[in-house]
Amino acid sequence: MAAKSQLCSIWLGSETGILKGVSLSKKQAFNFCEMSHLSRDQEVCVMAWGDTYESEVLVGCVNGTVRTFSTDKGIFTGSRECGDPSQGRFTGLAVTDSSWITCVESGLVKVWKEGSTESDTVEINAGSGICRMRQNPSQKHHVATGGKENPLKVWDLEKPDKAIFTAKNVAHDWLDLRVPVWVRDIGFIPDSDKIVTCTGHQQVHVYDPSTPQRRPVMEAKFGEYPLTALSLPASQGTVVVGNTHGELAILDLRKGLVRGCLKGLAGSVRGLQCHPSLPLVASCGLDRFLRVHSLEDRSLQHKVYLKSRLNCVLLSSRELESSTDVTGDVEEVKAEDEKDEDEIWDTMETVTEKSKKRIAQEEEEVVTGGKEKKKRKVAKK
Amino acid sequence: MDSTELSTSESVSKKKKTKQPKRKIKSDNEPSEEMDRTESEVNENNSSSGASFPPTFSVSEIKNKQRRHVMFLKLKQEKRKQKLELKKKRKKERAALGDKAPPKEVPKTIENQRIYDETTVNPEDEEVAFDEGTDEFSAYFNRLTNPKVLITTSDRPRGRTVRFCEQLATVVPHAHVYYRRGLALKRVIPQCVSRGFTYLLVVNEDRKVPNGLVVCHLPDGPTAHFKLSSVRLRKEMKRKGKAPTEHTPEVILNNFTTRLGHSIGRLFAALFPHDPQFVGRQVATFHNQRDFIFFRFHRYIFKNEKRVGIQELGPRFTLKLRSLQKGTFDSKFGEYEWVHKRHEMDSSRRKFHL
């Protein structure tokens, strides 16, 4: 179990409550669960890395528990009650400085400290109908929430009374009707203050809290179906979105145009994540497949069938294709090659002599050929 | 001049067998005009007299339609003869070898050559069994609910669709047909749920002919959208029997092998009550072949232990899955579990999804 979990570079949570690990180099998927205790109560809603070394995976379930899974040991090491199911499902899970931040659909954002003391918990009420809560990767105490008829709000956990930024809705449309708000997923653009959101009304908005303008700085539209997931790749200026029809698109953030579509998905996209350094994006959804596309040429690199509907995906920062065993083999092979090459170079001396002879012969041939050619020319004349 | 006339007429008559004797006479009359030409004539005569044409010749070069047709028929006959001879020879060889004969070659069909689908369900798979045991149909399969079906159409249906709905209601037990009256499905569904319906069937009509079917499992179940084609009503059936009775039929689901196929199969199975009444001797079949689902309704009778007679009653139709949506009918904001994307999924003739 431990060996298997150390191999896995992609982690997925499914609707049946099973945590799946996929190792792309070995082309295998592993289930980490107890088959006898499966129940739909443990359906995975959110997943997050427990620490920066990515040795722990936090799994948030429908029944309100957050379970800790250790990738080194390959077992669930703990479970903690973080809220009750009456408040809705988890919509966001994040980790700061040894405390967990959870958000549920009813809008309650709560910070859970390591010890089980109930005091000193910071609580924020972000309004009802929250669909997503995300943490700013560069400023860990900033958290953004958004939902159905609940505009984007950025909260600072040290000042939980009021949001530092509340977005304003776009202007009325061409019929002078209010445009409905439904924030489905949020992303923080690295190296800047900007925030990208995708909505259930096929829009992608970019907000800039540093400017006094609370309305979106840029708006883009894609497709005819609600956008469910969003991810920012390592290269700047683009965003990958997925919708309920299984269409994945790469949008350009400067002009709001579609750069390209990633083909292959047949079902709604539930989880989307870009690799932190490589130009790869992993997507999972209701069609029970994990697909890894390359962002440069938009081709499908890997496709893995996992038998349950998948809810969330988590990529590890290391190289997806490599694992400890494989690198060892590669090094050994290289060493052998070098030894062989030395031997070859030793034996090559005789060969080089022959080649010299050959070159000499070729020169002679060229000379003779030239002479013949000259002869022919004479004859024709 | 004469030689030129000869050559042109010969080139024209070269291809016509009927003019052969005339050509021979001509060549005899003028034997030594030009050496090259006579040689070519002789060659042509020799070649044509053996009833085999130069290899570059094909039947389509004959401009006269009747003669071309005659030549084509002759060609076909020859080919058929050769084929029969080959067959006879092979049969003799087989008989001669007896037991040592190599096994008979199975002809390749598209079903034989089907690309293996990785989502094919393995019966011993625990995870899939758990998934199916706890999905939206679990209430039916655990015998907690009985099916109750509401059949309706798109707005203002015409002739064929109305009769099709009535016949569907006779085939599916506990089915009620309601006139649509332009109501929105999203508002109809909560009312159905409150009245205890488990299925909503909407037959879509286009130009007086039914062409689509939306099957929605009610409490919060998946919605499948099908393309409906080849609808034959009872009066168009040959040798149909009496009308289907009220007995619950048996259900046969054929060839639903993949995970998606399983979901659709269960969707159809949950339309019918659990215990079929064998007294009624009626059976409803959903046969999946090449992603098309064929529905037939038969009455059977056992003549003796080995022979069965069947009589087709009831409507017959063909379905093709267009999309499977999780949750009740919500085409704009619902999440799709499977959508048929023609350009991506139909690129191979041997790949099927159900």
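Structure: see above.
For clarity, every value in this text was computed on a predicted model and none was experimentally measured.

Draft legend 1. A look at the layout of surface pockets. Each pocket or cavity is described by its volume, and for the second largest pocket that value is around 630 Å³. What lines the second largest pocket is a set of 29 residues, and nearest its centre among them are His245 of chain A together with Arg322, Val339, His340 and Lys341 of chain B. Elements supplying a minimum of two residues to the lining of the second largest pocket: strand E23 (258-262) of chain A together with strand E5 (223-232), strand E9 (308-326), strand E10 (335-339) and helix H10 (342-345) of chain B. Here the lining of the second largest pocket takes five residues from E9 of chain B, the largest share from any one element. Split by residue class, the lining of the second largest pocket holds nine nonpolar, ten polar and ten charged.

Draft legend 2. Representation of a positive patch on the surface in the model. Residues and elements named next belong to chain B. A grouping of Lys76, Lys79, Arg80, Lys83, Lys87, Lys91, Arg94 and Lys104 is seen on the molecular surface, where their side chains present a positively charged patch. Within the secondary structure, lysine 104 is located in the loop between helix H4 (65-97) and helix H5 (126-133). For lysine 104, a relative accessible area of 66% puts it in the exposed group.

Draft legend 3. How the structure looks around the sheet that holds strand E21 (residues 238-243) of chain A. Residue and element names in this part refer to chain A. Pairing in this open sheet of four strands is antiparallel, and the strands run E20-E21-E22-E23 from one edge to the other. Each end of this open sheet is capped by a strand with a single partner; those strands are strand E20 (227-231) and E23. Neighbour-to-neighbour, the strand axes of this sheet turn through a mean angle of 25°, independent of strand direction.

Draft legend 4. Spatial organisation of the interface of chain A and chain B. Listed as interface residues are 36 residues of chain A and, on the opposing side, 25 residues of chain B. In total, about 2,600 Å² of surface goes out of reach between chain A and chain B, with carbon and sulfur atoms giving 50% of it. It is Arg40, Tyr305 and Lys307 of chain A in chain A that bury the most area against chain B; as a group they hold 21% of the surface buried on that side. Taking the shortest distance from any N to any O, the salt bridge between arginine 270 of chain A and glutamate 335 of chain B comes out at 2.7 Å. On inspection of chain A and its partner chain B, the count reaches 18 residue pairs in polar contact (both at pLDDT 80 or more). Classifying every residue of the side of chain A that touches chain B by side-chain character gives eleven nonpolar, 13 polar and twelve charged.

Draft legend 5. The arrangement of the sheet that holds strand E28 (residues 310-315) of chain A in detail. Residue and element names in this part refer to chain A. With respect to topology, four strands assemble into an open sheet ordered E3-E2-E1-E28, the strand pairing being antiparallel. Every other strand in the sheet has two partners, leaving strand E3 (28-32) and E28 as the edge strands with one partner each. With direction set aside, neighbouring strand axes in the sheet form an average angle of 25°. Note that strand E2 (residues 19-23) and E3 share five bridges and pair antiparallel. Bridging across to E3, valine 22 finds its partner in alanine 29.

Draft legend 6. A look at H5 of chain B. Within H5 of chain B, the full set of buried residues consists of Glu127, Val128, Phe130, Asp131 and Glu132 of chain B. On the buried face of H5 of chain B, the contacting elements are E2 and E3 of chain A together with helix H9 (259-269) of chain B. N-capping of H5 of chain B is provided by aspartate 125 of chain B, with a side-chain oxygen placed 3.2 Å from the backbone N of glutamate 127 of chain B.

Draft legend 7. Structural context of helix H8 (residues 185-194) of chain B. Residues and elements named next belong to chain B. Of the residues making up H8, those classed as buried are Leu185, Val188, Ile189 and Cys192. Projected onto a plane normal to the axis of H8, the buried residues spread over an arc of 105° and lie on a single side. Structural note: H8 exposes Arg187 and Ser194 on the side pointing more than 90 degrees away from its buried face. Looking at the packing, one finds that the buried side of H8 touches strand E1 (149-153), strand E3 (199-206) and strand E4 (209-217). Once H8 finishes, glycine 196 follows within two positions and takes phi at roughly 85°, a positive value.

Draft legend 8. Quick peek at the side chain of glutamine 273 of chain A. Residue and element names in this part refer to chain A. Among the secondary structure elements, glutamine 273 is positioned in strand E24 (residues 269-274). A polar atom in the side chain of glutamine 273 sits 3.0 Å from the backbone nitrogen of leucine 315. Residues within four places of glutamine 273 in sequence aside, it is in contact with Ser231, Leu280, Val281, Ala282, Val313, Leu314 and Leu315.

Draft legend 9. Geometry of the nonpolar core. Of all hydrophobic cores here, the largest spans 43 residues; its most connected members are Tyr199, Leu201, Phe226, Ile264, Phe268 and Ile293 of chain B. Core analysis: the second largest hydrophobic core is formed by 15 residues, Val196, Met218, Leu230 and Val239 of chain A among them.

Draft legend 10. Spatial organisation of the packing of H5 of chain B against H9 of chain B. All names here are of chain B. Between H5 and H9, whose axes approach to 12 Å, the crossing angle comes to 30°. The orientation of H5 relative to H9 falls into the category roughly parallel. Viewed along their axes, H5 and H9 form a crossing whose handedness is right-handed. Here Val128, Asp131 and Glu132 of H5 come into contact with H9, specifically with Arg259, His262 and Arg266.

Draft legend 11. Fine view of unusual backbone geometry. Residues and elements named next belong to chain B. Non-glycine residue arginine 143 carries a positive phi angle of around 65°. Tracing the chain through its elements places arginine 143 in the loop between helix H6 (138-141) and E1. Even without being a glycine, histidine 174 presents a positive backbone phi close to 55°. As for its placement among the helices and strands, histidine 174 is situated in the loop between helix H7 (159-171) and strand E2 (175-177).

Draft legend 12. Just the packing of aromatic side chains, in detail. Within the structure shown, the criterion is met by 16 aromatic pairs over all chains. A ring pair is formed by tyrosine 225 of chain A and tyrosine 336 of chain B, whose centres lie 6.3 Å apart and whose planes are at 80°; its orientation type is edge-to-face. With tyrosine 225 of chain A in the loop between strand E19 (218-221) and E20 and tyrosine 336 of chain B in strand E10, this residue pair bridges two chains. What makes tyrosine 225 of chain A buried here is its relative accessible area of 18%. Residue classification places tyrosine 336 of chain B among the buried residues on the basis of a relative accessible area of 6%. Aromatic pair phenylalanine 164 of chain B and phenylalanine 317 of chain B: ring centres 5.4 Å apart, planes at 90°, arrangement edge-to-face. With phenylalanine 164 of chain B in helix H7 and phenylalanine 317 of chain B in strand E9, this pair connects stretches of sequence that are 153 residues apart. Using a relative accessible area of 0% as the deciding quantity, one classes phenylalanine 164 of chain B as buried. For phenylalanine 317 of chain B, a relative accessible area of 5% puts it in the buried group.

The rules behind each value
Residues numbered from 1 in each chain as written. Chains lettered and ligands numbered in written order. Predicted model: local features only at pLDDT ≥ 70, side-chain atom pairs only at ≥ 80, totals over all residues. Heavy atoms only, no water. 1 Å grid on protein atoms, 1.4 Å probe; cavity = no way out; pocket = protein on both sides within 12 Å on 5 of 7 lines; lining within 4 Å. Points joined across faces, edges and corners; volume = space filled by probe spheres on them. Helix = DSSP H or I, 4+ residues; strand = E, 2+ residues; numbered from the N terminus. Nonpolar A, V, L, I, M, F, W, Y, C, P; charged D, E, K, R; others polar. Patch = residues over 30% accessible without salt bridge, like charges linked within 9 Å, V, L, I, M, F, W, Y side chains within 5 Å. Areas by Shrake-Rupley, 256 points an atom, 1.4 Å probe, with all protein chains shown as cover. Salt bridge = Lys/Arg side-chain N within 4 Å of Asp/Glu carboxyl O. Lys, Arg positive; Asp, Glu negative; His and termini not counted. Charge placed at Lys NZ, Arg CZ, Asp CG, Glu CD. Buried < 20%, exposed > 50% of the residue type's maximum accessible area, 1.4 Å probe, protein only. Pairing = 2+ DSSP bridges. Axes fitted to C-alpha atoms, helices over the stretch in contact; angles between N-to-C directions. Contact = heavy atoms within 4.5 Å. Buried area = accessible area lost by both parts, 1.4 Å probe. Polar contact = N/O pair within 3.5 Å; in protein donor to acceptor, adjacent residues only side chain to side chain. Arc of directions from axis to C-beta. Core = buried A, V, L, I, M, F, W, Y, C linked by side-chain atoms within 4.5 Å. Parallel < 35°, antiparallel > 145°, perpendicular 65-115°, else oblique. Left-handed = near helix turned anticlockwise from the far one by under 90°. Phe/Tyr/Trp six-rings, centres within 6.5 Å; stacked < 30°, edge-to-face > 60°.

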